[in-house]
Amino acid sequence: MTQTIGAAHPEPPTIDQLGRLSFRQRRFTKSRQSQRIAAVWMVTPAAALMLVFIIIPIVLTFVLAFTNAKLISPTGPRFVGFDNFARLFGDPIFWKSLRNTLLFAVFVVPIQAGLALVLALLINVKIRGVNFFRTVYFLPVVTSMVVVSLLWKFLYQPDGLINNFLAVFGIDGPDWLGNPNTAMISILIMSVWQGVGFHMVIWLSGLQTIPQDMYEAGAIDGANNWQRFRYLTWPALRQTRTFILITITIQAFALFTQIQVMTEGGPLDSTSTIVFQAVRTGFDLQQTGYASALSLVFFILVLVVSLVQRFLTRDKDVKK
Amino acid sequence: MALPTRKRLAAASVAVALAFSLAACGKGASSSSDAQTDASGTTTLKMWTHNAGNDTELAAINQVVADYNASQSNYKVEVQAFPQDSYNTSVTAAAASKSLPCILDVDGPNVPNWAWAGYLAPLDGLDERIAQFLPSVVGSFDGKNYAVGYYDVALIMQARTSALQENGIRIPTIDQPWTEDEFAAALAAIKASGKYENTLDLQTGNTGEWWPYAYSPMLQSFGGDLINRDGYTSADGVLNGPAAVQWATWFRSLATDGYMPLKSGADPAQDFLNGKTAILYNGSWGAEPARASAIADDVSFLPAVNLGQGAKIGGGSWQWAVSSGCPSTEGALDYMKFALQDKYVAAVSKATGTIPATDAAAAMVPGYEPGGDNDIFRQYSKEFALIRPATPGYPFIATTFTKTAQDILNGADPQEALNQAVADIDANQQSNNNFQ
């Protein structure tokens, strides 16, 4: 793949070479130069947006985390060193939020990735009407998370659809979002339901890149369905797996919308997450500096986890 | 082939550069665009309001502005309406970029915060007029008036009259509200009758400012408060003292004793009108829908409960202010003076179904004249209203109180939760040098 691109776009000629070029060739070079300018112009909007909305805020976060900046204040921010971090590590809500975030990630990653793979295998068949199922599974993904959260908030109400359904079987359902023991599980189930379709599509794209002749060879060797999956499909999905693992993990760590809409961190902090706490601290409590420190910790957490995952998956590459 | 491409690129470059410089011009000009004077000598004053989602209130405000613009030719006020949810954020962002409008509205408890931060200018020369308004609608800080509102609302106990009569419960009056014991007995009797799914509904499903607005008066009625109002330096002793713990225990018991749901339904007012609830803790805004409903003859609008230190209700709603960055403060104050006339106070409160803030305006709004149907709400406001602590630290206090009260309702240890709230609030006041 990379080779083809290289062939179509060879290295630019040096000045020496340019001198020796014929008129035709020089004209060709000029047009290539303008192509480059065009490329710069095409990159600029995206690069400018990235700079303004991602890179500058990240740099600001790093700086503000060491100040006592307030959202509304007549005096400017003052440098306070590691005060925010000292306060952070003594804050019981931070530890609860960290625990909730990690627990959520630990459960949501295997459940969502596994379920998505099962769905992908189910719809990776050539039968009539398979497109219908693909659409159905994908529908929650294209629905806004806020809308999904509001809908599920109604479903989870003590006299909502879910409890009414359970009542048919004589089960007295709990107050899903109002009980500290069930609130996080409720959010987890709903998040998996919403996100599973997206990762199903990624799995599906991985499945469809597996060459058919591999399966034909397997069939000749007499592989049964399980062996076919275990020794052909699973190893062939290695790169897709890495991608899915990392994207779900990062999404899980960034858990916020559902919390904001459905529980606001309650009851008794059982659904408070780091991002939720950062937003609440920064806007409701107006403590920009402290919220930046929280975000910085979150940034480092995600970075470390991603690096560890990269390292683990790369390690396997070497072994093979 | 190459030349035209480069020409096009050059043209694109110029166009983009032009766009950028235009944008820069626009930005540079915007700092003064909130008060621009045109050729005929008319200065345009920008005005922001939170009520984009409230058609009747916005229409009333637009009418005031239209009348003002027609009344003179020196100034022209231009209204820009925001949805309430994003209003405060917009103001904060505008203040950061020094592009606040000349006139803006502000939620009462936020006035000290914004005045301290330098967003607002004192309403010089209007003190005499402001003195005629209900004290709860005036936003002041450091001895100066910064904002004033057209209306207030009163918190009430909206009850089914039949539920009280059938169970032999005394109908409370403004001079003699229910006591804590009477209230407890009333709840027990109504619950025992088994006619209502919820004996009481305090609207605990509401979010945001409702919690401090609705429940801190109960805390105050027990004898506690959000912060010690003498100097506003500490909440110690008032938010975690015996009275506050008593309040917290009582608050939680309402749910554990089965009188009210832990979390109210999606529409508590509708639940009341549908006969699910016997007593609803509500604002006076609920009166009009209740009178228009099928149970109109069976609803009483009762005063808040006296939980020890007299009945208390929250005071202060949205108010109008002038920004400090306004280049034409005289113009903004001129508008304020015009807009504070009784007929406009009457018009806005009529449109919103709220309590008019002056006596003269009250006489003009049907129902609020002395002895009228709604006069009782105005009396509740005069008698019971206590404004939320006038300290710039209020937004922090409000958020902390909300979380603490929610935790207590969900079963957190009252003393522990309140101690944590006091520690947080005190730390925030101190880190801001007590907003001195």
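Since the structure is predicted, the reported quantities are computational estimates derived from the model, not experimental observations.

A. Quick look at the overall build of chain A. Looking only at helices and strands, chain A has 15 helices and zero strands in total. Counting the 320 residues in chain A, one finds 28% classified as buried. Pairs at least 24 apart in sequence give 68% of the contacts found in chain A among residues at least 6 apart.

B. A look at the interface of chain B and chain A. Contact with chain B, which involves 23 residues of that partner, is made by 21 residues of chain A. At the level of secondary structure, the elements contributing two or more residues to the side of chain B that touches chain A comprise α1 (2–33), α4 (111–116) and α16 (394–409) of chain B. Considering only residue class, the side of chain B that touches chain A consists of ten nonpolar, ten polar and three charged.

C. Molecular detail of the environment of B:A423. Along the polypeptide, B:A423 turns up in helix α17 (residues 414–431). Sequence separation between B:A423 and B:S234 is 189 residues, and the spatial gap between their C-alpha atoms is 8.9 Å.

D. Highlighting the confidence of the model for chain A. Residue and element names in this part refer to chain A. Predicted confidence across chain A gives a mean pLDDT of 84, with 89% of residues reaching 70 or more. Summarising per-element confidence for chain A, the mean pLDDT is lowest in helix α1 (residues 2–8) (43) and highest in helix α5 (residues 92–123) (91). In the predicted structure, residues 1–9 sits below a pLDDT of 50 and forms zero contacts with residues beyond four places in sequence or in another chain.

E. Here's a closer look at the confidence of the model for chain B. Residue and element names in this part refer to chain B. Looking at chain B, the pLDDT average stands at 85 and 91% of residues meet or exceed 70. Below a pLDDT of 50 lies the segment residues 21–34, which in the model reaches nine contacts outside its immediate sequence neighbourhood of four places, other chains included. Taken together, the chains of this predicted complex give a pTM of 0.79 and an interface ipTM of 0.71.

F. Helix α3 (residues 84–96) of chain B, seen in detail. All names here are of chain B. Relative to the 18 Å expected for 13 residues at 1.5 Å per residue, α3 spans 19 Å between its end C-alpha atoms, a close match to the ideal helical length. When we look at burial in α3, the residues that qualify are Y87, V91 and A94. Considered in projection along α3, the buried side chains sweep an arc of 70 degrees and stay on one side of the axis. Residues of α3 that are exposed and point over 90 degrees away from its buried face: D85, S86, T89, A93 and A96. Phi for K98, located one or two positions after α3, is positive at around 55 degrees.

G. Quick peek at the domain arrangement of chain B. Residues and elements named next belong to chain B. Once the domains are mapped, chain B shows domain 1 (42–152 + 316–377) and domain 2 (155–314 + 390–418). Taken over C-alpha atoms, the centre of domain 1 sits 29 Å from the centre of domain 2. Each partner contributes residues to the interface: domain 1 has 13 residues there, and domain 2 has twelve residues. Mapped onto the side of domain 1 that touches domain 2, the elements with two or more residues apiece are α4, β6 (138–141) and α15 (375–384). It is α4 that contributes the most residues to the side of domain 1 that touches domain 2, three residues altogether. Considering only residue class, the side of domain 1 that touches domain 2 consists of seven nonpolar, six polar and no charged.

H. Examining unusual backbone geometry more closely. Phi is positive for B:Q203, close to 60 degrees, though the residue is something other than glycine. Structurally, B:Q203 can be placed in the loop between β10 (198–201) and α8 (210–222).

What counts and what doesn't
- Residues numbered from 1 in each chain as written.
- Chains lettered and ligands numbered in written order.
- Predicted model: local features only at pLDDT ≥ 70, side-chain atom pairs only at ≥ 80, totals over all residues.
- Helix = DSSP H or I, 4+ residues; strand = E, 2+ residues; numbered from the N terminus.
- Buried ≥ 20, exposed ≤ 12 C-beta atoms within 10 Å, placed from the backbone.
- Contact = placed C-beta atoms within 7 Å.
- Nonpolar A, V, L, I, M, F, W, Y, C, P; charged D, E, K, R; others polar.
- pLDDT = per-residue confidence, 0-100.
- Expected span 1.5 Å × (residues − 1).
- Arc of directions from axis to C-beta.
- Domains from an automatic or database assignment.

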